[in-house]
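Fold and contact review
So the chains spell out like this:
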Amino acid sequence: MICFFLMPSICMKTKININNINPKLVLLLSISIWLTVILSYVFSLPAPLFDNPYSTVVVDRNEALIGVKIANDGQWRFPETHEVSDKFKKCILSFEDKRFYSHFGVDPLSMLRAIKQNIKRKKIVSGGSTITMQVIRLSRRNKSRTFNEKIIEAILSTRLEIKYTKDEILSLYASHAPFGGNIVGIEAAAWRYFGRNPDQLSWAENAMLAVLPNSPSMIHTAKNRDLLKIKRDNLLKNLSELGYISKTELELSLDEPIPSHPQAYPMYAYHLTEMAAKKHKSNNSFVKTSLDIDLQKRANEIINRYNKIYSNDEINNISCLIINVETGNVKVYIGNADINSDIPEKAVDMVMSKRSTGSILKPFLYSAMLSSGELLPKTLLKDIPTKMGSFSPENFNKEFDGAVPANEALARSLNIPFIYLLKEYGIIRFQYILKSLLLNSINKSSEHYGLSLILGGAESSLWDICSAYASMARSLNNFANNNSSYDISNYHKATYLLTNTPDREPNFKETSFLSAASLWFTFEAMTSVNRPGQERMWRKFSSKQKVSWKTGTSFGFKDAWSVAVTPDYVVGVWVGNATGEGRAGITGLSVAAPVLFEILNIMPDYEHWFYMPYDEMAQVQICSQSGHIAGPNCPEIDTAWIPKRGINSQMCPYHKLIHLDQSGNYRVNSNCYPVDQMNKQAWFVLPPIMEAYYKTRNPWYKPLPNYLEGCENYSSGKENVMELIYPSQLSRVLIPVELTGDTLPAIFKVAHRDENAKIYWYINTKYMGYTQDFHEMAIKIPAGDYNLNLMDDKGNKITKMFVVVENKKLL
């Protein structure tokens, strides 16, 4: 009996004797069959239901769309939506599945209606599929409509109803339904056709999207538009009859036109979208960033406007980065200007590209030396003609000040003072500072970079540079909040992912590689508007509030940098050519700074400037002329705040006590003048080379008076009255060689304290002539080793060794 109940056909064909069947075996077999059927049903749904690739969707902090990258299969398919708007829900259920919330996945009434229609038309015109069945069909990649396939869909639909809620099933349908062309899902369709989120669509717009999946290849905005409007309007009338919309809403909705063409997806941050697609391809394709879309749009407008201007001079690329100091979150990311241009290098992300740093690293060295106590904010630094081996650095304006206060050297971005600072501080020590600031691309040996490191001999990115400045500002801001201690975790890279509270464990230390005081003085120096020479162009820049800023220009005019720092944000701009091609106009001040300051004026105001970290400072007496700790001979003294470690820095080396005759016009000594008639006076004395250039820019400077007649022979003899500017001791003198093979003269230059002094020149023992007023001589000599002997009319002598090398030997 059991056999005939379970497998009657088998029993009949095999003529099994019922009395010979073991009932237990039959029972076991039937249980196995039913268990197999049940398990097959339970595990019939694939996991995941959809394994399609998704487009990378990048949104700002408020989930406004800022960029989309198409899915790998060429479809605009946004990540699955978890909620369906009430309007679309009413539209799609009224059009596709009125009894959606009452059936179990299959609607018998719809199936019967479909069968009648198909018999009447003698072809398949309706499938009777529910929303649930359509989800199954979509997950099975729209297999051919056969009877067997329909049975499978019906079975899987009932299983889907068990596993998912009705709203989840509706979300699956809205996420994977086709909406014409390569548009998949309600999110992609809403943005493609109407340029808005689904939640912002009108009744007419929702109705149009509801009827599109019914036959997306036959009816869409570019094909059978009239039929599409008829179907939409019929649905709107149905919605009115159901009481979902009023008659007024119906009339207004019927008047809304069908969109003429699909719109391009918003692309306000192309390079960030591309980067997010690569970094998050294995994760969720919905990337929520910290960007501010309004700020991003306004910055894009500024960048693109300047790009049009600069492109006339064949300067084709601009990038911009804005970072929130507190969190490190990126507010604006513009990898390159005008991405719709035909210029191929527009696709290069210049925020992340490694470029020559120019002078943009100078504030880091200034801060490091303030922090170590080896420099005070206004210490006089050398600014003189310099040659170190084959390295001959120059200031941008090719001029020299002789001596310049450190803070002014930073504000004016003078090269030579910072070459001397780096030489004193040490390249390896400075590389440690750069490493601590996470400038990881500066990773070659100190021998590789040499002193040119501070002038652009290394490469870094706008991302790393701005991150470093933001970390410095963050450390200074939080110093007071951390009870005058340092949280080392404040030094970190920027992030474009939204993080209100960075996932970083505090790491408090009593000291830091950059003290709070050094940071404060660095930012103060960067606010200076006293920018002589070409830097006077700053006057055409203005910002709503106080701002620290720095420019940089790489060798060959290939990279222009400009970075601004406030307590709330860091703004960085790079201008140049991604190809590395230089242009004469590419300087930080002329092309990057104008962009920077226009962007600064769209930034929100900050509440207060950086607080002075008094716990890290000391108030001391400073020599007003040298900027050093005041010595006993300094006549003018200022009381000023300095970093604590600067207390033990060098005392003023330039003020010396001299003895004058009663007229005060000549120097004397006890061997030639009565001691009781001498006048003691402190005198500001710079070394001869520094003095030669310093006095031309500082009219108040008074050179040492000459000795009273008869007193010269009694001077100490150790006084340095002459100094060779070029060549320096044991330096190589390059002799240019003309095409004819003839060598040209080498130029030698000397500084002397006495403007009226006469200097006699000797090469080895051969007399070459004398100079007066301007101590410069052109001497034509062959290659070899020489001694240059100089003697002035007072008998002062200096001797320097040098080597002459012809240019062709250096090639």
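The structure reproduced in this document is the subject of the present report. Note that the structure is a prediction, hence the values are computed from the model and not measured.

The next thing to look at is the packing of aromatic side chains. Aromatic ring pairs are reported here in terms of the distance separating the ring centres and the angle at which the planes meet. Under the criterion given, the structure shown has 28 aromatic pairs. With a centroid separation of 5.9 Å and an interplanar angle of 75°, the aromatic rings of phenylalanine 684 and tyrosine 701 are classed as edge-to-face. Separated by 17 residues along the polypeptide, phenylalanine 684 in strand β20 (residues 679–684) and tyrosine 701 in the loop between α23 (688–697) and β21 (722–726) bring together distant segments of the chain. Aromatic pair tyrosine 760 and tyrosine 770: ring centres 6.1 Å apart, planes at 50°, arrangement tilted. Here the residue tyrosine 760 occupies a position in strand β24 (residues 758–763), and tyrosine 770 occupies one in strand β25 (residues 766–772), the gap between them amounting to ten residues. Each member of the aromatic cluster is reached from another via a ring pair, and the members are Tyr654, Phe684, Tyr694, Trp700 and Tyr701. The positively charged end of arginine 429 is found above the aromatic ring belonging to tyrosine 425, 3.8 Å away from the centroid. When the ring centre of tyrosine 707 is taken as origin, the NZ or CZ atom of arginine 667, which lies over that ring, is 4.3 Å away.

The next point concerns a nonpolar patch on the surface. Taken together, the side chains of Leu29, Ile33, Trp34, Val37 and Ile38 present a nonpolar region at the surface, about 490 Å² in accessible area. Here tryptophan 34 lies in helix α3 (residues 23–42). Classification of tryptophan 34 as exposed rests on a relative accessible area of 54%.

Let us now look at the sheet that holds strand β6 (residues 317–324). Sheet architecture is open: five strands sit in the order β7-β6-β16-β15-β14, paired in antiparallel fashion. Edge positions in the open sheet fall to β7 (330–334) and β14 (548–553), since each of these has one partner strand only. Each strand axis lies, on average, 10° off the axis of its neighbour in the sheet, ignoring direction. Looking at chain direction, β14 and strand β15 (residues 559–565) are connected through six bridges and run antiparallel. Looking across to β15, one finds that serine 548 is bridged to valine 565. Together, β6, β14, β15 and β16 (569–576) form the strand contacts of helix α22 (residues 588–600), whose direction differs from that of β15 by roughly 35°.

Residues Leu361, Phe364, Phe430, Leu437, Leu453 and Tyr469 are the most contacted members of the largest nonpolar core, which totals 105 residues. Non-local contacts of phenylalanine 364, meaning those with residues more than four positions away in its chain, are made with Phe430, Ile433, Leu434, Leu437, Leu439, Ala468, Tyr469, Met472 and Leu514. Of all hydrophobic cores here, the second largest spans 53 residues; its members include Phe78, Val135, Ile186 and Ile245.

Applying the stated rule across the entire model yields 27 salt bridges. The partner of glutamate 314 in a salt bridge is arginine 583, and the shortest N-O contact between them spans 2.5 Å. Remark: arginine 583 occurs in the loop between β16 and α22 and glutamate 314 occurs in the loop between α14 (293–311) and β6; sequence separation between them is 269 residues.

Cut-off values and rules
- Residues numbered from 1 in each chain as written.
- Predicted model: local features only at pLDDT ≥ 70, side-chain atom pairs only at ≥ 80, totals over all residues.
- Heavy atoms only, no water.
- Phe/Tyr/Trp six-rings, centres within 6.5 Å; stacked < 30°, edge-to-face > 60°.
- Helix = DSSP H or I, 4+ residues; strand = E, 2+ residues; numbered from the N terminus.
- Lys NZ or Arg CZ within 6 Å of the ring centre and 35° of its normal.
- Patch = residues over 30% accessible without salt bridge, like charges linked within 9 Å, V, L, I, M, F, W, Y side chains within 5 Å.
- Areas by Shrake-Rupley, 256 points an atom, 1.4 Å probe, with all protein chains shown as cover.
- Salt bridge = Lys/Arg side-chain N within 4 Å of Asp/Glu carboxyl O.
- Buried < 20%, exposed > 50% of the residue type's maximum accessible area, 1.4 Å probe, protein only.
- Pairing = 2+ DSSP bridges.
- Axes fitted to C-alpha atoms, helices over the stretch in contact; angles between N-to-C directions.
- Contact = heavy atoms within 4.5 Å.
- Core = buried A, V, L, I, M, F, W, Y, C linked by side-chain atoms within 4.5 Å.

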